[in-house]
Amino acid sequence: MLPATTISSLHSTNAYPTPSLSPLSTPSLPSSSSSSSSLSLPPSSPTQRRRLRSSCVFGDTHLRINPKPRGLKVNCSVSSEPLRVMISGAPASGKGTQCELIVQKFGLVHISTGDLLRAEVSSGTEIGNKAKEFMNAGRLVPDEIVTAMVTSRLSREDTKERGWLLDGYPRSFSQAQSLEKLKIRPDVYIVLDVPDEILIDRCIGRRLDPATGKIYHLKSFPPETEEIKARLVIRPDDTEEKVKSRLEIYKKNAEAISSSYLNIMNKINGNRPKEEIFKEIESILLQVPKDTVQTTKSGNAVLESKYQMNQASASQDSWRGIPTRLNNIPHSREIRKYFYNDVLEATRRAINDGRTRLKVEINIPELNPEMDVYRIGTLMELVRVLALSFADDGKRVKVCVQGSMGKGAQAGMPLQLAGTRQILEFMDWGDYGALENFVKIGSVGAKEVDEQDDMFIIVAPQNAVGNCIIDDLKAMTDAAGNRSVILVNPRLKDLPGSSGIMQTMGRDKRLEYVASFENCYFFRLLYYAGTQYPIMGALRMSFPYRHELYKRVDGPSGIEKYVILSTFPERPSIEEINDAFEGKPRNETKKAAGFWGFLSGIL
Ligand code: AP5
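About the cut-offs
Throughout this document, residue positions are counted from 1 along each chain, in the order its sequence is written. It should be noted that, the model being predicted, local features are given only for residues of pLDDT at least 70 and side-chain atom pairs only at 80 or more, the latter also being counted only at that level, while totals for whole chains, interfaces and linings use all residues. As a rule here, side-chain values come from all non-hydrogen atoms in the structure, and water together with hydrogens is ignored. As used in this record, nonpolar core signifies buried Ala, Val, Leu, Ile, Met, Phe, Trp, Tyr and Cys residues forming a set joined through side-chain atoms within 4.5 Å. Here the term buried applies to any residue with accessible area under 20% of the maximum for its type, exposed to any over 50%, and partly exposed to those in between, with areas from a 1.4 Å probe on protein chains only. Put simply, DSSP H or I for four residues or longer makes a helix, DSSP E for two residues or longer makes a strand, and each gets a number counted from the N terminus. Contacts are residue-level and defined by heavy atoms, with any inter-residue pair within 4.5 Å sufficient. Pairing between strands is defined by DSSP: at least two bridges between the two strands are required. Neighbouring residues are identified by heavy atoms, a residue being near a molecule or strand if any of them is within 4 Å of it. N or O atoms within 3.5 Å of each other form a polar contact, as long as, within protein, one can give a hydrogen and the other can take it, and as long as residues adjacent in sequence are counted only when both atoms are side-chain atoms. Per-residue and other accessible areas follow the Shrake-Rupley method at a 1.4 Å probe size, with only the shown protein chains counted as cover for residues. Aromatic rings from Phe, Tyr and Trp, with only the six-membered ring used for Trp, were paired whenever their centres fell within 6.5 Å, and each pair was classed as stacked if the ring planes differed by under 30 degrees, edge-to-face if by over 60, and tilted otherwise. Criterion for a charge above a ring: Arg CZ or Lys NZ at most 6 Å from the ring centre, at most 35 degrees from the ring normal. For helices, the axis comes from a line fit to the C-alpha atoms of the stretch in contact; other axes are also lines fit to C-alpha atoms, and the angle between any two N-to-C directions lies between 0 and 180 degrees. Roughly parallel covers angles under 35 degrees, roughly antiparallel covers those over 145, roughly perpendicular covers 65 to 115, and oblique covers all other angles. In this scheme, a crossing is called left-handed if the near helix is turned counterclockwise away from the far one by less than a right angle; it is called right-handed if the turn is clockwise.

Caption draft 1: Summary view of the nonpolar core. Within the largest apolar cluster, 52 residues are counted, with the highest numbers of intra-cluster contacts made by Leu 326, Phe 339, Ile 362, Leu 424, Val 459 and Phe 523. Contributions of two or more residues to this core are made by helix H16 (333–352), strand E10 (357–363), helix H17 (376–392), strand E11 (397–400), strand E12 (439–442), strand E13 (455–459), strand E14 (484–488) and strand E15 (518–528). The element contributing the most residues to this core is H16, with nine residues. Filtering out sequence-adjacent residues up to four positions away, Leu 424 remains in contact with Met 380, Val 383, Val 399, Val 401, Trp 429, Ile 441 and Val 459.

Shown next, in the form of structure tokens:
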């Protein structure tokens, strides 16, 4: 069992001021004005270059005339706001059919990219003409067109009042990323699951009523009257061949999209009578965390938060869940992506809030060097996601790995970092020449700070016995001034100096310096002290929200989940964790020793 003092000291060295809950900065949408103003300048980031290119291609569509959803502000799943739902599924899985029912019951604003595009096509607009060839071929319409349409529609006032139901978007990973960048996030992500052979039959039998927009099926939902039957139309993309192509495209993208919404995803069997499917959807929507839904006289439902008095804490407490199966090694792609994204969002918020000395501590099994299952690749991937995303935001990022420390016989580097720099250099940094133009790789020290660098990501800086990285790090942060420095999984526990060689800073100063880095993200699994199995719970903090304490629960048929036990303004002590697990009220006299242990400390 780990001594309680180990845990306590961990806590005390990290007692930073409670991050204040400040409003998220307002994201700016890609707009024609920004695109056109950058035309005379060289693009300064990969995104700007992509935008520049797209503005040239689609420069004269009405997207340029009317794209001013500036000021759209979307917080992450603030539960007191109206309901936000995404529905996804293969072609003909029944999204449109279920949307009709959801809108009737919940009064949400239905935004269907398919319907928006079809309206443009039938009005013969420039967008419609461009989209037509893609749609008729059963291919995806280019992101630039669809994303601008969706974000523009989402910025309208009615969506803020009534909530929204997004149908058919995002349809690719980059579309999902566009929403994430704008912090547009649903409360619930529904996926309708239907076998392929049924989908094809549904498409071939589908008929639309151009007068009412109602969806029929020749066999399953025939039109009510002969008059309706006579005016029904067939969608040009509903031939067997095109359905197959649409289905293939859907499958190619489905996994990447759902990984963005894993924690709020509800997969539903869509091969049942539509009323039965709707009942399940309805019950999910009625259970959106921490909200009650009241049905109004008109039959619409409105959300009423229990937490209206304290919206901030409601949002932080219910923001995201924890992926399960964390003991399965290697972690699945979805799990890794979940964490990369979780870290990225938190770091972005901290930087947007003006914080400059940050640290990320994430201790899932693959990122814990004390476990056999530690994978350097996972750490590198996390760093790459951070670096490329900030580069995409227009920043020049330097990724730094400490080099060999010490001199002569004492030269060497921490085992965990051996080869790291080379791996970083050989990694795939994508198109657009990101590496070297927007992301540079360097070492730790004042000399590494160049004028053009906007921010620094330092990979697992750590002391080794006899060698202390803190002096170099301090020199580097001094040179960086008010530019952001982010430590990813630092291990800066103070270790004895080498053969009594003096360091420029005294021990107290070193510890004080280490403590000046503020956690923008913290995640640690909880086990019984001295064990690594089973996982008992997790502690998570994502800037600027509170520390969330979760308990892992085994449900029926082995399905596990994490339930939130408590939240804390600062990192809880081992006693506070024990009390929460034992269901004791706060501030009760503390126990002398706890029975929970963290995995070994990172600091
Ligand atoms: P879109 O219109 O979104 O097409 P889709 O996703 O292929 O979905 P469908 O509209 O075909 O089917 P659905 O799931 O709504 O099923 P429905 O309820 O109608 O997009 C069309 C095109 O636009 C795309 O191919 C692309 O080119 C472009 N596009 C759209 N969004 C884009 C984006 N984000 N990015 C790029 N391009 C984009 O039901 C189907 C049939 O089944 C009906 O006949 C119905 O009556 C029947 N049915 C429904 N439920 C049941 C049930 N439970 N039992 C039996 N029958 C049922």
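Caption draft 2: Examining the pairing of E13 more closely. Within E13, five of the five residues are buried, leaving the element largely enclosed by the surrounding structure. Of the two faces of E13, the one carrying Met 455, Ile 457 and Val 459 and the one carrying Phe 456 and Ile 458 are both buried. In terms of strand pairing, E11 meets E13 through four bridges, oriented parallel. Bridge pairing in E13 links Cys 400 to Ile 458.

Caption draft 3: How the structure looks around unusual backbone geometry. With an omega of -5°, the peptide bond running from Ile 329 to Pro 330 counts as cis. Relative to the helices and strands, Pro 330 is located in the loop between helix H15 (311–317) and H16. Going from Phe 543 to Pro 544, the amide bond is cis rather than trans, its omega being 0°. Considering the arrangement of structural elements, one finds Pro 544 in the loop between strand E16 (537–542) and strand E17 (547–554). For Ala 92, which is not glycine, the phi dihedral falls at a positive 70°. With respect to the helices, strands and loops of the structure, Ala 92 is situated in the loop between strand E1 (84–89) and helix H5 (95–106). With a relative accessible area of 11%, Ala 92 lands in the buried category. Positive phi is not limited to glycine here, since Ala 460 has a value of about 40°.

Caption draft 4: View of the site of the ligand. Near the ligand, the surroundings consist of 34 residues, among which Thr 97, Thr 113, Arg 139, Arg 171 and Arg 206 are the closest. Gly 168 places a main-chain nitrogen or oxygen 2.9 Å from a nitrogen atom of the ligand. Residue Arg 202 places a side-chain N or O atom 3.3 Å away from a nitrogen atom belonging to the ligand. If the ligand stood free it would expose 1,000 Å²; the protein chains cover 95% of that surface. Counting residues per element, the shell around the ligand draws most heavily on helix H6 (residues 113–123), which supplies four residues.

Caption draft 5: Focus on the packing of aromatic side chains. A full pass over the atoms with the stated rule returns four aromatic pairs. Judged by centre distance (5.6 Å) and plane angle (90°), the ring pair of Tyr 513 and Phe 517 falls under edge-to-face. The class for Phe 517 is buried, based on a relative accessible area of 0%. Connected via pairs of aromatic rings, a cluster forms that spans Tyr 338, Phe 339 and Phe 523. In this arrangement the basic side chain of Lys 274 is found over the ring face of Phe 221, its NZ or CZ atom lying 4.4 Å from the centre.

Caption draft 6: Structural detail: the packing of H5 against helix H14 (residues 274–286). It is the contact of H5 with H14, at a shortest axis distance of 10 Å, that shows an interaxial angle of 50°. Our classification of the angle between H5 and H14 gives oblique. The element H5 and its partner H14 pack so that their crossing is right-handed. Counted together, Thr 97, Gln 98, Leu 101, Ile 102, Lys 105 and Phe 106 of H5 and Lys 274, Ile 277, Phe 278, Ile 281, Glu 282, Leu 285 and Leu 286 of H14 form the full contact between these two elements.

Caption draft 7: Structural context of the side chain of Asp 187. Along the chain, Asp 187 falls in the loop between helix H10 (173–181) and strand E4 (188–193). In terms of polar contacts, Asp 187 uses its side chain to reach the backbone amide nitrogen of Arg 84, at 2.7 Å.

Caption draft 8: The pairing of E4, seen in detail. Across the six residues that make up E4, a large majority, five, are buried. Pairing geometry for E1 and E4, over five bridges, is parallel. In the sheet register, Gly 89 faces E4, and the bridge partner there is Leu 192. Summarising the sheet, E4 and strand E7 (residues 265–269) pair through five bridges and their orientation is parallel. The residue of E7 that forms the bridge with Tyr 189 is Met 265.

Caption draft 9: Representation of the environment of Leu 154 in the model. With respect to the helices, strands and loops of the structure, Leu 154 is situated in helix H8 (residues 143–154). By relative accessible area, which is 4% here, Leu 154 ends up buried. On a C-alpha basis, the gap between Leu 154 and Ile 184 in space is 9.0 Å, while along the polypeptide they are 30 residues apart.

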